[in-house]
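Below are the chains, spelled out letter by letter.
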Amino acid sequence: MIALALAENSIQLVPDGTLLIHVAAIVVMVYVLNSTVFKPINTLLAEREKRGTGRFAESNQILKQVDQKMASYEQGLRAARAEAYQLMEAEHAAVRAEREKTLARMRADLSASTGKQKQELERQANEARTMLQANATQFAQKISTRILGRQI
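Residues numbered from 1 in each chain as written. Predicted model: local features only at pLDDT ≥ 70, side-chain atom pairs only at ≥ 80, totals over all residues. Heavy atoms only, no water.

(A) Main features of the overall build of the chain. Counting secondary structure elements, the chain contains 2 helices and 0 strands. Each principal axis of the C-alpha distribution contributes one length, and for the chain these read about 195 × 25 × 15 Å. For the chain, with 152 residues in total, the buried portion stands at 1%. Within the structure as shown, the chain displays about 14,200 Å² of accessible surface, and the carbon and sulfur contribution to it stands at 63%. Side chains of the chain give 21 positive and 16 negative charges; the mean places of these two sets differ by 18 Å. (Helix = DSSP H or I, 4+ residues; strand = E, 2+ residues; numbered from the N terminus. Buried < 20%, exposed > 50% of the residue type's maximum accessible area, 1.4 Å probe, protein only. Areas by Shrake-Rupley, 256 points an atom, 1.4 Å probe, with all protein chains shown as cover. Lys, Arg positive; Asp, Glu negative; His and termini not counted. Charge placed at Lys NZ, Arg CZ, Asp CG, Glu CD.)

(B) The arrangement of helix H2 (residues 18-148) in detail. Look at H2: 182 Å from first C-alpha to last across 131 residues, which is about the 195 Å you get at 1.5 Å a residue. In the structure, H2 departs most strongly from a straight axis at Asn34, where the bend amounts to approximately 50°. Gly149 lies just past H2 and shows a positive phi near 80°. (Expected span 1.5 Å × (residues − 1). Bend = angle between axes of the 7 residues up to and from the residue.)

(C) Highlighting the pattern of salt bridges. Within the structure shown, the criterion is met by 2 salt bridges. Residues Arg123 and Glu120 are paired through a salt bridge, measuring 2.2 Å at the closest nitrogen-oxygen approach. Of this pair, Arg123 and Glu120 both sit in helix H2, 3 residues apart, which is roughly one turn of that helix. The salt bridge partner of Arg123 is Glu127, with a shortest N-O separation of 2.3 Å. Separated by 4 residues within a single helix, Arg123 and Glu127 lie in helix H2, roughly one turn from each other. On the basis of relative accessible area, Arg123 is assigned to the partly exposed category, the value being 39%. (Salt bridge = Lys/Arg side-chain N within 4 Å of Asp/Glu carboxyl O.)

(D) Quick look at a nonpolar patch on the surface. A cluster of nonpolar side chains, contributed by Leu33, Val37, Phe38, Ile41 and Leu45, occupies part of the molecular surface with about 400 Å² of accessible area. Mapped onto the secondary structure, Leu45 falls in helix H2. Leu45 sits in the partly exposed class, given a relative accessible area of 44%. (Patch = residues over 30% accessible without salt bridge, like charges linked within 9 Å, V, L, I, M, F, W, Y side chains within 5 Å.)

As C-alpha coordinates, this is what we get:
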(Lines give C-alpha, C1' and ligand atoms only; values in the text may rest on other atoms or scores of the structure.)
Protein backbone atom coordinates (compact mmCIF):
# COMPACT_ATOMS: atom_id res chain seq x y z
CA MET A 1 0.00 0.00 0.00
CA ILE A 2 2.80 2.31 0.66
CA ALA A 3 3.84 1.68 -2.90
CA LEU A 4 0.46 2.73 -4.13
CA ALA A 5 0.63 5.94 -2.14
CA LEU A 6 4.07 6.81 -3.45
CA ALA A 7 3.32 5.79 -7.04
CA GLU A 8 1.21 8.62 -7.86
CA ASN A 9 1.78 12.34 -7.14
CA SER A 10 -1.63 13.51 -7.97
CA ILE A 11 -4.45 14.50 -5.68
CA GLN A 12 -6.95 11.75 -5.19
CA LEU A 13 -10.57 12.46 -4.56
CA VAL A 14 -11.49 8.91 -3.63
CA PRO A 15 -9.87 7.46 -0.49
CA ASP A 16 -7.60 4.55 -0.99
CA GLY A 17 -5.76 2.13 1.31
CA THR A 18 -3.56 4.81 2.89
CA LEU A 19 -6.56 6.14 4.78
CA LEU A 20 -6.68 2.98 6.85
CA ILE A 21 -2.98 3.31 7.62
CA HIS A 22 -3.52 6.91 8.78
CA VAL A 23 -6.48 5.96 10.96
CA ALA A 24 -4.51 3.06 12.49
CA ALA A 25 -1.53 5.37 13.13
CA ILE A 26 -3.78 7.93 14.84
CA VAL A 27 -5.40 5.24 17.01
CA VAL A 28 -1.99 3.89 18.03
CA MET A 29 -0.78 7.44 18.78
CA VAL A 30 -3.86 8.21 20.89
CA TYR A 31 -3.36 4.94 22.84
CA VAL A 32 0.33 5.63 23.43
CA LEU A 33 -0.28 9.27 24.41
CA ASN A 34 -3.14 8.29 26.71
CA SER A 35 -1.11 5.68 28.55
CA THR A 36 2.15 7.67 28.75
CA VAL A 37 1.17 11.35 29.02
CA PHE A 38 -2.52 12.05 29.49
CA LYS A 39 -3.36 9.42 32.12
CA PRO A 40 -0.57 10.44 34.57
CA ILE A 41 -1.32 14.12 34.05
CA ASN A 42 -5.06 13.55 34.56
CA THR A 43 -4.44 11.55 37.75
CA LEU A 44 -2.14 14.28 39.08
CA LEU A 45 -4.71 16.96 38.26
CA ALA A 46 -7.48 14.89 39.86
CA GLU A 47 -5.42 14.42 43.04
CA ARG A 48 -4.58 18.10 43.14
CA GLU A 49 -8.25 19.01 42.68
CA LYS A 50 -9.22 16.49 45.34
CA ARG A 51 -6.70 17.93 47.81
CA GLY A 52 -7.76 21.51 47.08
CA THR A 53 -11.46 20.78 47.15
CA GLY A 54 -11.10 18.53 50.19
CA ARG A 55 -9.36 21.19 52.21
CA PHE A 56 -11.82 23.80 51.01
CA ALA A 57 -14.74 21.57 51.98
CA GLU A 58 -13.07 20.82 55.32
CA SER A 59 -12.59 24.52 56.00
CA ASN A 60 -16.21 25.19 55.07
CA GLN A 61 -17.32 22.44 57.43
CA ILE A 62 -15.18 23.89 60.24
CA LEU A 63 -16.64 27.35 59.58
CA LYS A 64 -20.17 25.91 59.75
CA GLN A 65 -19.36 24.21 63.07
CA VAL A 66 -17.91 27.45 64.42
CA ASP A 67 -21.04 29.35 63.33
CA GLN A 68 -23.27 26.74 64.97
CA LYS A 69 -21.27 26.83 68.20
CA MET A 70 -21.26 30.63 68.16
CA ALA A 71 -25.03 30.72 67.67
CA SER A 72 -25.47 28.19 70.48
CA TYR A 73 -23.17 30.24 72.73
CA GLU A 74 -25.04 33.48 71.99
CA GLN A 75 -28.38 31.79 72.59
CA GLY A 76 -27.12 30.42 75.92
CA LEU A 77 -25.77 33.85 76.82
CA ARG A 78 -29.12 35.47 76.03
CA ALA A 79 -30.93 32.84 78.12
CA ALA A 80 -28.52 33.36 81.03
CA ARG A 81 -28.97 37.13 80.86
CA ALA A 82 -32.76 36.76 80.78
CA GLU A 83 -32.61 34.43 83.77
CA ALA A 84 -30.31 36.84 85.62
CA TYR A 85 -32.68 39.72 84.91
CA GLN A 86 -35.61 37.65 86.15
CA LEU A 87 -33.72 36.78 89.33
CA MET A 88 -32.80 40.43 89.85
CA GLU A 89 -36.42 41.49 89.34
CA ALA A 90 -37.61 38.83 91.76
CA GLU A 91 -35.04 39.98 94.32
CA HIS A 92 -36.04 43.63 93.84
CA ALA A 93 -39.70 42.70 94.22
CA ALA A 94 -38.94 40.77 97.41
CA VAL A 95 -36.94 43.70 98.81
CA ARG A 96 -39.73 46.13 97.88
CA ALA A 97 -42.34 43.90 99.50
CA GLU A 98 -40.22 43.61 102.65
CA ARG A 99 -39.72 47.38 102.73
CA GLU A 100 -43.46 47.99 102.28
CA LYS A 101 -44.17 45.48 105.03
CA THR A 102 -41.68 47.20 107.34
CA LEU A 103 -43.10 50.63 106.50
CA ALA A 104 -46.65 49.42 107.16
CA ARG A 105 -45.56 47.95 110.51
CA MET A 106 -43.74 51.17 111.42
CA ARG A 107 -46.78 53.25 110.44
CA ALA A 108 -49.01 51.04 112.56
CA ASP A 109 -46.57 51.29 115.50
CA LEU A 110 -46.33 55.05 115.04
CA SER A 111 -50.09 55.38 114.83
CA ALA A 112 -50.54 53.29 117.99
CA SER A 113 -47.81 55.25 119.78
CA THR A 114 -49.34 58.55 118.68
CA GLY A 115 -52.76 57.40 119.90
CA LYS A 116 -51.33 56.40 123.29
CA GLN A 117 -49.49 59.72 123.59
CA LYS A 118 -52.67 61.63 122.71
CA GLN A 119 -54.59 59.73 125.38
CA GLU A 120 -51.83 60.42 127.91
CA LEU A 121 -51.86 64.12 126.99
CA GLU A 122 -55.67 64.18 127.32
CA ARG A 123 -55.42 62.54 130.74
CA GLN A 124 -52.71 64.97 131.85
CA ALA A 125 -54.71 67.92 130.48
CA ASN A 126 -57.79 66.76 132.38
CA GLU A 127 -55.74 66.37 135.57
CA ALA A 128 -54.27 69.82 135.04
CA ARG A 129 -57.78 71.30 134.47
CA THR A 130 -59.08 69.61 137.56
CA MET A 131 -56.10 70.82 139.58
CA LEU A 132 -56.37 74.31 138.13
CA GLN A 133 -60.08 74.46 138.94
CA ALA A 134 -59.37 73.38 142.47
CA ASN A 135 -56.54 75.89 142.77
CA ALA A 136 -58.62 78.59 141.12
CA THR A 137 -61.41 78.01 143.61
CA GLN A 138 -58.96 78.19 146.50
CA PHE A 139 -57.34 81.35 145.11
CA ALA A 140 -60.72 82.90 144.49
CA GLN A 141 -61.72 82.24 148.10
CA LYS A 142 -58.44 83.65 149.41
CA ILE A 143 -58.72 86.72 147.18
CA SER A 144 -62.36 87.28 148.18
CA THR A 145 -61.48 86.84 151.84
CA ARG A 146 -58.70 89.41 151.60
CA ILE A 147 -60.75 91.87 149.59
CA LEU A 148 -63.86 91.55 151.69
CA GLY A 149 -61.98 90.96 154.87
CA ARG A 150 -64.18 88.07 155.86
CA GLN A 151 -64.60 84.34 155.16
CA ILE A 152 -66.77 83.33 152.22
